[in-house]
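The lines below spell out each chain.
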Amino acid sequence: MFMHNKRLQYTVRVAEPNPRLATMMLEQFGGADGELSAAMRYFTQGLAEDDAGRKDMLLDIATEELSHLEVIGSIVAMLNKGVKAQLAEGLMEEAELYRTIGASGVSAKESLLFGGGPALIDSAGVPWTGAYVDSRSEPTVDLRSNIAAESRAKIVYERLINITDDPGIKEALGFLMTREIAHQKSFEKALYAIEDNFPVGKLPGLEKYANIYVNTSQGEGDMTGSWNSGAQWDRIDDLTQTMPIDGGAGTATVDLDHSDAKVLDKLALRTLSNPAVNPTTGVDLGAGPGAGRTTEADFGGAASIAEAPAMGEANAPT
Ligand code: MN
Ligand code: MN
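For the structure given in this document, a descriptive report is provided here. (Residues numbered from 1 in each chain as written. Chains lettered and ligands numbered in written order. Predicted model: local features only at pLDDT ≥ 70, side-chain atom pairs only at ≥ 80, totals over all residues. Heavy atoms only, no water.)

What follows covers helix α9 (residues 167-192). For α9, with 26 residues, the first-to-last C-alpha span of 38 Å sits near the 38 Å given by 1.5 Å per residue. Between the side-chain oxygen of the N-cap and the backbone nitrogen of G168 there are 3.0 Å, and the N-cap of α9 in question is D166. (Helix = DSSP H or I, 4+ residues; strand = E, 2+ residues; numbered from the N terminus. Expected span 1.5 Å × (residues − 1). Polar contact = N/O pair within 3.5 Å; in protein donor to acceptor, adjacent residues only side chain to side chain.)

Here the manganese ion (ligand 1) is held by the protein donor atoms E35 (OE), E35 (OE), E65 (OE), H68 (ND1) and E180 (OE), which lie 2.0 to 2.6 Å from it. Look at where the donors of the manganese ion (ligand 1) fall in the sequence and you get E-x29-E-x2-H-x111-E. (Donors = N, O, S within 2.8 Å, 3.2 Å for Na, K, Ca; no water.)

On to the coordination of the manganese ion (ligand 2), then. Looking at the manganese ion (ligand 2), the protein donor atoms are E65 (OE), E150 (OE), E150 (OE), E180 (OE) and H183 (ND1), and they sit 2.0 to 2.4 Å from it. Mapping the donors of the manganese ion (ligand 2) onto the primary sequence yields the spacing E-x84-E-x29-E-x2-H. Here the manganese ion (ligand 2) and the manganese ion (ligand 1) are spaced 3.7 Å apart, with E65 acting as a shared donor. Of this pair, E65 sits in helix α4 (residues 52-79) while H183 sits in helix α9, and the two are 118 residues apart along the sequence. Among the residues examined, H183 registers a relative accessible area of 2% and is labelled buried. (Buried < 20%, exposed > 50% of the residue type's maximum accessible area, 1.4 Å probe, protein only.)

Here we come to the pattern of salt bridges. Under the defined criterion, the tally for this structure stands at seven salt bridges. Notably, a salt bridge pairs R235 with D237, separated by 3.2 Å at the nearest N-O pair. (Salt bridge = Lys/Arg side-chain N within 4 Å of Asp/Glu carboxyl O.)

With that out of the way, let us pick up the packing of helix α3 (residues 35-48) against α4. At a minimum axis separation of 8 Å, α3 and α4 run at an interaxial angle of 160 degrees. Considering the angle they form, α3 stands roughly antiparallel to α4. The hand of the α3/α4 crossing is left-handed. Of α4, the residues touching α3 (which contributes E35, L36, A38, A39, M40, Y42, F43, Q45, G46 and L47) are K55, L58, L59, I61, A62, E65, L66, H68, L69 and I72. (Axes fitted to C-alpha atoms, helices over the stretch in contact; angles between N-to-C directions. Parallel < 35°, antiparallel > 145°, perpendicular 65-115°, else oblique. Left-handed = near helix turned anticlockwise from the far one by under 90°. Contact = heavy atoms within 4.5 Å.)

Time to look at unusual backbone geometry. Omega for the bond connecting F198 with P199 falls within 30 degrees of zero, at -5 degrees, which places this linkage in the cis form. Within the element layout of this structure, P199 appears in the loop between α9 and β1 (212-214). With an omega of -5 degrees, the peptide bond between M243 and P244 qualifies as cis. If you check the backbone angles, S137 has positive phi at about 55 degrees while not being a glycine.

Moving on, we get to the nonpolar core. Judged by nonpolar contacts, the single largest core of 25 residues is most densely connected at M25, I72, I75 and L173. For I72, the contacting residues outside a window of four places in its chain are M25, Q28, F29, E35, Y157, L173 and L176. If you look at the next biggest cluster of nonpolar residues, it comprises 13 residues, including Y42, I61, F187 and A190. (Core = buried A, V, L, I, M, F, W, Y, C linked by side-chain atoms within 4.5 Å.)

Take empty space enclosed by the protein next. Scanning all chains against the criterion turns up two cavities of 30 Å³ or more. For the lining of the largest cavity, the elements supplying multiple residues, two or more each, are α3 and α8 (139-162). The dominant element in the lining of the largest cavity, judged by the number of residues it contributes, is α3, at five residues. Each residue belonging to the lining of the largest cavity can be placed in one class, and the counts come to six nonpolar, two polar and seven charged. Approximately 50 Å³ is the volume found for the second largest cavity. As for the second largest cavity, its lining consists of T23, V106, S107, E110, I121, D122, S123, A124 and G125. By residue class, the composition of the lining of the second largest cavity is three nonpolar, four polar and two charged. (1 Å grid on protein atoms, 1.4 Å probe; cavity = no way out; pocket = protein on both sides within 12 Å on 5 of 7 lines; lining within 4 Å. Points joined across faces, edges and corners; volume = space filled by probe spheres on them. Nonpolar A, V, L, I, M, F, W, Y, C, P; charged D, E, K, R; others polar.)

Next comes the structure, spelled out in structure tokens:
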């Protein structure tokens, strides 16, 4: 069960209203790497988890992320306090109110539709979606994804910190950013607490392809490093060796039953192309330059298309 404590996890002190900044902060409220995404990611993973230690950790972190959602949502609410009141009461001069709302961002959705409340949208007004959660219910997969998700959240906080000079907001965002670093460490510890964690899943992978590096982009700029060269790697520079790499014919085949094969023959015959014909094209469009007019004669005697009369000018007096 959930319980609510009226105090925030971190104190929110906003110096003054700023609807434009509020819209930007929404990125971490209802955005792809925001706190709702984080909370839902770990909450749903925790419900399905069979390992007691991971289940406990996932539900702890999920609940903390909801507390972060509360902090960032409170920042949005404080930044929009002025707009919310002015829109609701309609006491401001129309022009002044128009200017205030217009300054709130790329769209007025946050002010007009949501009335300045923290909406579950990102900084561009795109609604939050469960598609931001990419869990696969395999801990060696999900923990890696969680580490990446925490890294993404950290870097978005860093960018938000860089765009505001409000010391109270900077401080609260610094706290939220730092907690994502701590979560990243917990997820990494949990991943390596699974002793067989690579490769992910149960199947080991095919031995003969597991250490091949294929140099498919060749030419100036080719580089070597531990990621593609050295004792671990069987490096392939001669790409003919990989066409195909299995030593087979490199074709795609399927065994069809008699009735499918017969229909397929009919289809092939009906759509057969004749390489011997050179059909005139563009007739439906009036056979203009786009239809292949390239010779001098085609341009009515002009030496190039540049000197040919422009469309609509052909009959103009000179
Ligand atoms: Mn968080
Ligand atoms: Mn986190």
